[in-house]
Amino acid sequence: METFEIYTLGSGYYLEKIFNAINLILHPDNNFVSAMKLSALGAIVVLTIRAGLNSDFKSAAKWFFGVTILVGVFLTSKANVEIMDTLPDSYGRLSAPRRVENVPLGLAFIGSATSRIGNNIAQKFDQALAGVFNNSDYQQTGLLFGSKIVEDTSKFRIEDLELKQLMLKFYKKCIVPDLNMGYKRANGYSLKDLTSSTNILEFLKDHSSKARIIYVGGKPGGYQSCQKTAEYLNTSLNKSVDLRMPILAKQFGAFFSQNQGNNSNEASQVFASVLQGSYGIFLKNSSKTAKDILLQNIAINSLGEAADSKLYGKVATESMTKLAYNSVGQMAQKFIPILRAVLECLFYGVFPLVLILMVTPIGLDVLKNYAFGFILSTIMATNVCDSFLYC
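Conventions adopted
- Residues numbered from 1 in each chain as written.
- Predicted model: local features only at pLDDT ≥ 70, side-chain atom pairs only at ≥ 80, totals over all residues.
- Heavy atoms only, no water.
- Axes fitted to C-alpha atoms, helices over the stretch in contact; angles between N-to-C directions.
- Helix = DSSP H or I, 4+ residues; strand = E, 2+ residues; numbered from the N terminus.
- Parallel < 35°, antiparallel > 145°, perpendicular 65-115°, else oblique.
- Left-handed = near helix turned anticlockwise from the far one by under 90°.
- Contact = heavy atoms within 4.5 Å.
- Nonpolar A, V, L, I, M, F, W, Y, C, P; charged D, E, K, R; others polar.
- Disulfide = S-S within 2.5 Å.
- Buried < 20%, exposed > 50% of the residue type's maximum accessible area, 1.4 Å probe, protein only.
- Pairing = 2+ DSSP bridges.
- Salt bridge = Lys/Arg side-chain N within 4 Å of Asp/Glu carboxyl O.
- Expected span 1.5 Å × (residues − 1).
- Polar contact = N/O pair within 3.5 Å; in protein donor to acceptor, adjacent residues only side chain to side chain.

Asker: Got a minute to help me understand the packing of helix α2 (residues 32-54) against helix α3 (residues 57-76) in this structure?
Answerer: To describe two helices that pack against each other, one gives the angle between their axes and the distance between the axes. Running from N to C, α2 and α3 cross one another at 165°; their axes reach a closest spacing of 9 Å. Judged by the inter-axis angle, α2 sits roughly antiparallel to α3. The handedness of the crossing between α2 and α3 comes out as right-handed. Each of Met36, Ala40, Ala43, Ile44, Leu47 and Ala51 in α2 lies in contact with α3, whose residues at this interface are Phe57, Ala60, Trp63, Val71 and Leu75. Of the residues in the contact of α2 with α3, the class split is 11 nonpolar, no polar and no charged.

Asker: Got a minute to help me understand the packing of α3 against helix α14 (residues 351-358) in this structure?
Answerer: Contact geometry for α3 and α14: axes closest at 10 Å, N-to-C directions at 160°. Classed by the angle they form, the pair α3 and α14 counts as roughly antiparallel. Between α3 and α14 the crossing geometry is left-handed. Contacts between α3 and α14 involve Val67, Leu70, Phe74 and Leu75 on the former and, on the latter, Phe351, Leu355 and Met358. Split into classes, the residues belonging to the contact of α3 with α14 amount to 7 nonpolar, no polar and no charged.

Asker: When you look at the state of the cysteines in this model, what are you seeing that I'm missing?
Answerer: Each disulfide consists of a covalent bond between the sulfur atoms of two cysteine residues. In the structure shown here, the tally under the stated rule is 1 disulfide. Cys174 shares a disulfide with Cys226; S-S distance 2.0 Å. Taking the sign of the S-S torsion, -80° for the link of Cys174 and Cys226, the bridge is left-handed. Linking Cys174 in helix α6 (residues 161-181) with Cys226 in helix α9 (residues 226-252), this pair joins segments that are 52 residues apart in sequence. Given the relative accessible area of 0%, Cys174 is considered buried.

Asker: For this particular structure, what's the right way to read the pairing of strand β2 (residues 78-85)?
Answerer: The two faces of the sheet receive side chains in turn, since in a regular strand these alternate between them. Pairing of strand β1 (residues 3-8) with β2, which is carried by 6 bridges, proceeds in the parallel orientation. Looking at β2, one finds that Thr3 is bridged to Asn80. As defined by bridge partners, β2 adjoins strand β3 (residues 98-104) across 5 bridges and the pair is classed as antiparallel. The residue bridging Lys78 from the neighbouring strand is Pro104, located in β3.

Asker: Explanation requested: the pattern of salt bridges in the structure shown.
Answerer: Side-chain pairs of opposite charge can arise where the charged atoms are in close proximity. Inspection of every chain in the model, using the stated rule, returns 7 salt bridges. With a shortest N-O distance of 3.2 Å, Arg116 and Glu5 are connected by a salt bridge. Linking Arg116 in helix α4 (residues 105-129) with Glu5 in strand β1, this pair joins segments that are 111 residues apart in sequence. Taking the relative accessible area as the measure of exposure, Glu5 reaches 24% and is therefore partly exposed.

Asker: So what exactly am I meant to see when it comes to α2 here?
Answerer: One full turn of an α-helix is made of 3.6 residues, so residues set three or four places apart face in the same direction. Across its 23 residues, α2 extends 33 Å between first and last C-alpha, which sits within 8% of the 33 Å expected from 1.5 Å per residue. By the burial criterion, the buried members of α2 are Phe32, Met36, Ser39, Ala40, Ala43, Leu47 and Ala51. Immediately beyond the C-terminal end of α2, within one or two residues, lies Ser55, with a positive phi of roughly 55°.

Asker: How do you make sense of the side chain of Ser197 when you look at a structure like this?
Answerer: Relative to the elements of secondary structure, Ser197 occurs in the loop between α7 (191-195) and α8 (200-207). Polar contacts involving the side chain of Ser197 include one to the main-chain carbonyl oxygen of Asn199, which spans 3.1 Å. Ignoring any residue separated from it by four or fewer positions in sequence, one finds Ser197 in contact with Phe203 and Gln296.

Next up, the structure:
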């Protein structure tokens, strides 16, 4: 029995279930064959009346030979299919092919032919669009991965409990009083100045009060001015990010290749390059280094947690919603695969109904439109979109 490969993107599990359901529906023990016989009987009645009135025996003969071929190809002849899901999981690994036996030969052939053509066209688009982005490392991942790395790194927070408590104390004892005083003191600032700063830690180090002191405790020990505490936080968070960067690079390295995950230096370079390139594309600002990006995200999230107020949360939320990746990457990441899965499942799932219509006088037209629907959905509509988003 011949085996056909059907390529899909994220809907391999559902296609396997649909093919198994089609096998159950077309099983001889079910009443599906009776429905086809009833449909064919209606067609014979219509063609007989037409032949008697118009002497149109040619249409009857054409229908007879057409039905014989269609039933032989789409009902009695069987084949095996292997569903190749090209969408990797969260670890960058591809799932094993899903094998389904005794699939109608015609359905397997149409699905295999259209999906293969669509997959080849997508690869051609990938090659053609690879030169769009200047970052060569970013070309290996595409917009969807770029949106994912921006989203994941935007959630960074302080892991060290001592630093987290110090940041909370610094916010309450230094930032809040400074915001209350505003421009009344020398080198003062407002909430807008703080939230719009491109480097919050450096901003706090330069604008925190030198006269106000807080009890720091821990490693610094004793009382320190707010300005000295800001310097200590900046230095400590820089060290923390330096320690976490190789770990993050190793985790994200799986999205590039398995070999890169084994080389820590190479993985760190690729991670830093892709992170900077992703922020440059989505936020239109690639001047920051990967470390600066992570430090800024940590500062934003830490202050947001320490504030525990709707005011700062609102400003931070409004700032995040302006990011271009939120509208481009996230919407595409969620809905393009869903759209593809719906179209594929729809066209494969209606096959039994199409098979009933094939034994009517309009059977050849039904087959032509059904095949054209496959071409439109799997080649023109979805694979090209995938190429743009995963280029």
